[in-house]
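Okay, here's what each chain looks like letter by letter:
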Amino acid sequence: ELVTKPEDILEGYGITREDVTLKEETQASPEEKLILDALRSVAMAQDIDKIIAMTKLEPRIVTQAITFLLMKDLVRETERGYTM
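Note that this is a predicted model, so its numbers are computed, not measured.

> For the confidence of the model for the protein, give the residues involved together with the corresponding values.
Here the protein shows a mean pLDDT of 83. Residues at 70 or above account for 83%. Per-element confidence in the protein ranges from a low mean pLDDT of 55 for helix H2 (residues 17-26) to a high of 96 for helix H4 (residues 48-55).

> Go over helix H3 (residues 30-40), please, and point to the residues and values.
Every buried residue of H3 is listed here: Glu32, Ile35, Leu36, Ala38 and Leu39. Along H3, the residues classed as buried sweep out an arc of 160° about the axis, all on the same side.

> Kindly report on the packing of H4 against helix H5 (residues 59-71), identifying the contributing residues and their values.
Their axes nearest at 10 Å, the elements H4 and H5 cross at an angle of 115°. In terms of axis orientation, H4 runs roughly perpendicular to H5. Handedness of the H4/H5 crossing: right-handed. Residues Ile48, Ile51, Ile52 and Thr55 of H4 pack against Pro59, Val62 and Ile66 of H5. For the contact of H4 with H5, the class distribution of residues is six nonpolar, one polar and no charged.

> How would you summarise the pattern of salt bridges if you had to cite specific residues and measurements?
What the rule picks out here adds up to three salt bridges. Lys72 is the salt-bridge partner of Glu32, the closest N and O atoms lying 2.9 Å from each other. Of this pair, Glu32 sits in helix H3 while Lys72 sits in the loop between H5 and strand E1 (76-78), placing them 40 residues apart in sequence. Glu58 is paired through a salt bridge with Arg60; the nearest N and O atoms lie 3.5 Å apart. Classification of Glu58 by relative accessible area gives partly exposed; the value is 46%. Overall, Arg60 belongs to the exposed group, its relative accessible area being 56%.

> Explain the nonpolar core to me, using residue names and the numbers behind them.
Within the largest apolar cluster, 14 residues are counted, with the highest numbers of intra-cluster contacts made by Ile35, Ile51, Val62, Ile66, Leu69 and Val75. Contributions of two or more residues to this core are made by H3, H4 and H5. Of the residues forming this core, the biggest block, five residues, is contributed by H5. The contact partners of Leu69, leaving out residues within four places of it in the chain, are Glu32, Ile35, Leu36, Leu74 and Val75.

> Can you explain the environment of Thr67? Please cite residues and give values.
Tracing the sequence through the fold places Thr67 in helix H5. Overall, the relative accessible area of 38% leaves Thr67 in the partly exposed class. Residues Thr67 and Glu32 lie 35 residues apart in sequence; the distance between their C-alpha atoms is 9.8 Å.

Scoring rules and cut-offs
Residues numbered from 1 in each chain as written. Predicted model: local features only at pLDDT ≥ 70, side-chain atom pairs only at ≥ 80, totals over all residues. Heavy atoms only, no water. pLDDT = per-residue confidence, 0-100. Helix = DSSP H or I, 4+ residues; strand = E, 2+ residues; numbered from the N terminus. Buried < 20%, exposed > 50% of the residue type's maximum accessible area, 1.4 Å probe, protein only. Arc of directions from axis to C-beta. Axes fitted to C-alpha atoms, helices over the stretch in contact; angles between N-to-C directions. Parallel < 35°, antiparallel > 145°, perpendicular 65-115°, else oblique. Left-handed = near helix turned anticlockwise from the far one by under 90°. Contact = heavy atoms within 4.5 Å. Nonpolar A, V, L, I, M, F, W, Y, C, P; charged D, E, K, R; others polar. Salt bridge = Lys/Arg side-chain N within 4 Å of Asp/Glu carboxyl O. Core = buried A, V, L, I, M, F, W, Y, C linked by side-chain atoms within 4.5 Å.

Rendered as structure tokens:
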């Protein structure tokens, strides 16, 4: 079978991207979960200052958590801010 993207391999094993995302979300730190919940509660991208205000976390904690969420592909960075 021809493989053109990583999802093709997962699909061959019966694993969907949603399964992987759900597993990654359940393994997220409490701060990461708080940020994910905050981003879910709004319909548009949020900049880092708004995420800090929404979560009431320290700026360095938010910055670190956002970095890990980006690496896990749970959050995307756009020109307007961060979104899911």
